[in-house]
Amino acid sequence: MGKIVAFANQKGGIGKTTSAINIAASVAAQNKRVLLVDCDPQGNSTSGLGVNKKSLKLSTYDLLVGRADAAGTLLATPFENLFVIPTNISLAGAEFELIQLDDRAFRMKNSLERLKEEFDYIFIDCPPSLGILTINALVAADGVIIPMQCEYFALEGLSQLMVTVRRIKELYNPDLDITGILITMYNGRLNLSTQVLAELKKYYADKLFKEPIPRSVRLSEAPSYGMPITHYDKNSKGAEAYAAVAKELLRRI
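Residues numbered from 1 in each chain as written. Predicted model: local features only at pLDDT ≥ 70, side-chain atom pairs only at ≥ 80, totals over all residues. Heavy atoms only, no water.

### Comments concerning the overall build of the chain
Inference 1: Of regular secondary structure, the chain possesses 12 helices and 7 strands.
Inference 2: Taking 18 Å as the expected radius of gyration for a compact globule of 253 residues, we find that the chain reaches 17 Å, a close match to that expectation.
Inference 3: C-alpha extents for the chain along the principal axes are approximately 50 × 40 × 30 Å.
Inference 4: For the chain, the proportion of its 253 residues judged to be buried stands at 54%.
Inference 5: Residue pairs in contact within the chain that sit at least 24 positions apart in sequence constitute 78% of those at least 6 positions apart.
Inference 6: Of the roughly 11,500 Å² of accessible surface on the chain, 49% is carried by carbon and sulfur atoms.
Inference 7: When the 29 basic and 27 acidic side-chain charges of the chain are each reduced to a single mean position, those positions are 4 Å apart. (Helix = DSSP H or I, 4+ residues; strand = E, 2+ residues; numbered from the N terminus. Rg over C-alpha atoms; globule rule 2.2 N^0.38 Å. Buried < 20%, exposed > 50% of the residue type's maximum accessible area, 1.4 Å probe, protein only. Contact = heavy atoms within 4.5 Å. Areas by Shrake-Rupley, 256 points an atom, 1.4 Å probe, with all protein chains shown as cover. Lys, Arg positive; Asp, Glu negative; His and termini not counted. Charge placed at Lys NZ, Arg CZ, Asp CG, Glu CD.)

### Quick word on empty space enclosed by the protein
Inference 1: Evaluation of the coordinates by the stated rule reveals 1 cavity of 30 Å³ or more.
Inference 2: Quantified by volume, the largest cavity comes out at close to 40 Å³.
Inference 3: Around the largest cavity, the lining residues are Thr18, Ile21, Asn22, Leu219, Ala222, Pro223, Met227, Pro228 and Ile229.
Inference 4: Here the lining of the largest cavity gets 3 residues from one element, more than from any other, and that element is helix α1 (residues 16-28).
Inference 5: Its residues assigned to classes, the lining of the largest cavity shows 7 nonpolar, 2 polar and no charged. (1 Å grid on protein atoms, 1.4 Å probe; cavity = no way out; pocket = protein on both sides within 12 Å on 5 of 7 lines; lining within 4 Å. Points joined across faces, edges and corners; volume = space filled by probe spheres on them. Nonpolar A, V, L, I, M, F, W, Y, C, P; charged D, E, K, R; others polar.)

### Topic: the layout of surface pockets
Inference 1: Approximately 260 Å³ is the volume found for the largest pocket.
Inference 2: Every residue lining the largest pocket is counted, 16 residues in all, and those nearest its centre are Gly15, Thr18, Met185, Leu219 and Ser220.
Inference 3: Where the lining of the largest pocket is concerned, the elements lending two or more residues are α1, α2 (44-48) and α10 (217-221).
Inference 4: The biggest single contributor to the lining of the largest pocket is α1, with 3 residues.

### Notes on the nonpolar core
Inference 1: Membership of the largest hydrophobic core comes to 52 residues, with the highest contact counts inside it found for Leu35, Ile85, Met108, Leu112, Leu115 and Ile124.
Inference 2: The element that contributes the greatest number of residues to this core is helix α8 (residues 152-171), accounting for 7 residues.
Inference 3: Every residue in contact with Leu35, bar those within four places of it in the chain, is listed here: Leu74, Phe83, Val84, Ile85, Leu115, Phe119, Tyr121, Ile122 and Phe123. (Core = buried A, V, L, I, M, F, W, Y, C linked by side-chain atoms within 4.5 Å.)

### Structural notes on the packing of aromatic side chains
Inference 1: Counted under the stated rule, the structure contains 5 aromatic pairs.
Inference 2: For the ring pair Phe83 and Phe119, a centre distance of 5.6 Å and an interplane angle of 70° mean the geometry is edge-to-face. Linking Phe83 in strand β4 (residues 82-85) with Phe119 in the loop between α6 (107-112) and β5 (121-125), this pair joins segments that are 36 residues apart in sequence.
Inference 3: We classify Phe83 as buried; its relative accessible area is 17%.
Inference 4: Residue classification places Phe119 among the buried residues on the basis of a relative accessible area of 3%.
Inference 5: A connected cluster of aromatic rings, assembled from ring pairs, spans Phe7, Tyr121 and Phe123.
Inference 6: If you follow Arg33 out to its NZ or CZ, it ends over the ring of Phe119, 4.7 Å from the centre.
Inference 7: Seen from the ring of Phe209, Arg252 lies directly overhead, with NZ or CZ sitting 4.3 Å from the centre. (Phe/Tyr/Trp six-rings, centres within 6.5 Å; stacked < 30°, edge-to-face > 60°. Lys NZ or Arg CZ within 6 Å of the ring centre and 35° of its normal.)

### Here's the deal with the pattern of salt bridges
Oppositely charged side chains can pair when the atoms bearing their charge come close.
Inference 1: Applying the stated criterion to the full structure yields 10 salt bridges.
Inference 2: With a shortest N-O distance of 2.9 Å, Arg218 and Asp233 are connected by a salt bridge. With Arg218 in helix α10 and Asp233 in the loop between α11 (229-232) and α12 (237-252), the pair connects residues that are 15 residues apart, well separated along the chain.
Inference 3: Of the residues examined, Arg218 reaches a relative accessible area of 33% and is grouped as partly exposed.
Inference 4: Bridged by salt links that share partners, the residues Lys16, Asp40 and Asp125 form one connected network. (Salt bridge = Lys/Arg side-chain N within 4 Å of Asp/Glu carboxyl O.)

### Details of the side chain of Ser236
Inference 1: Following the sequence through the fold, Ser236 ends up in the loop between α11 and α12.
Inference 2: Setting aside residues up to four positions removed in sequence, Ser236 forms contacts with Arg218 and Ile229.

What follows is the structure, given as structure tokens:
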């Protein structure tokens with residue numbers, strides 16, 4: 001039975017989608033069958049895996065509004081063991097349609113349930129908000145990975161997200177847990193980075209992934225070629241960092 005892990009943070013531009021793509025690819029490289037569900041209307045996980053957003057026949061939108069089942073929406077990517085349920089801007093309309101439904105918080109969970117036997121891991125890339133799409137992902141998930149930068153505003157956002165996770169546990173998904181907090185765009189030469197990391201270790205030492213993801217030009221370049229860093233430059237520092245995080249993730253879950 002596969003595990004479902006959501007990547008969530010309401011703050012944008014912090015490496016959430018980059019982490020979802022590259023951890024999914026790194027886990028797939030460990031000979032695991034992996035599905036990445038793009039639940040962000042921007043569709044960056046879709047294009048980052050080499051899928052053309054403009055030519056989609058079915059997407060996460062169709063899955064959530066009941067026009068298609070999960071098996072009908074998933075696509076094979078060019079990368080071994082890695083599949084995607086893609087999306088595009090049409091997903092933004094799902095917010096309005098879902099709000100009218102009694103089971104609106106459970107649409108993702110119910111849709112993915114039958115795929116859990118086909119995949120070792122299902123990762124969900126959430127939008128940078130705490131709306132109904134993110135709620136759907138957290139209700140479906142066994143755990144959540146929180147990517148964040150070493151900035152003080154990020155600490156404030158982390159507190160808000162922790163409150164949301166607790167509420168989801170209380171209302172919908174008592175099994176939801178924090179799988180880990182992942183530091184992204186890390187620069188150890190900056191005092192601020194080391195100070196924020198020290199603060200995180202003080203309160204969340206057991207949740208922090210040991211390997212922070214460094215700020216990297218190669219990581220920034222890879223999506224424009226539709227590749228995870230594991231294929232774009234497997235010897236780069238970014239690829240090595242994500243490989244280490246993937247191995248730690250497999251040990252954790």
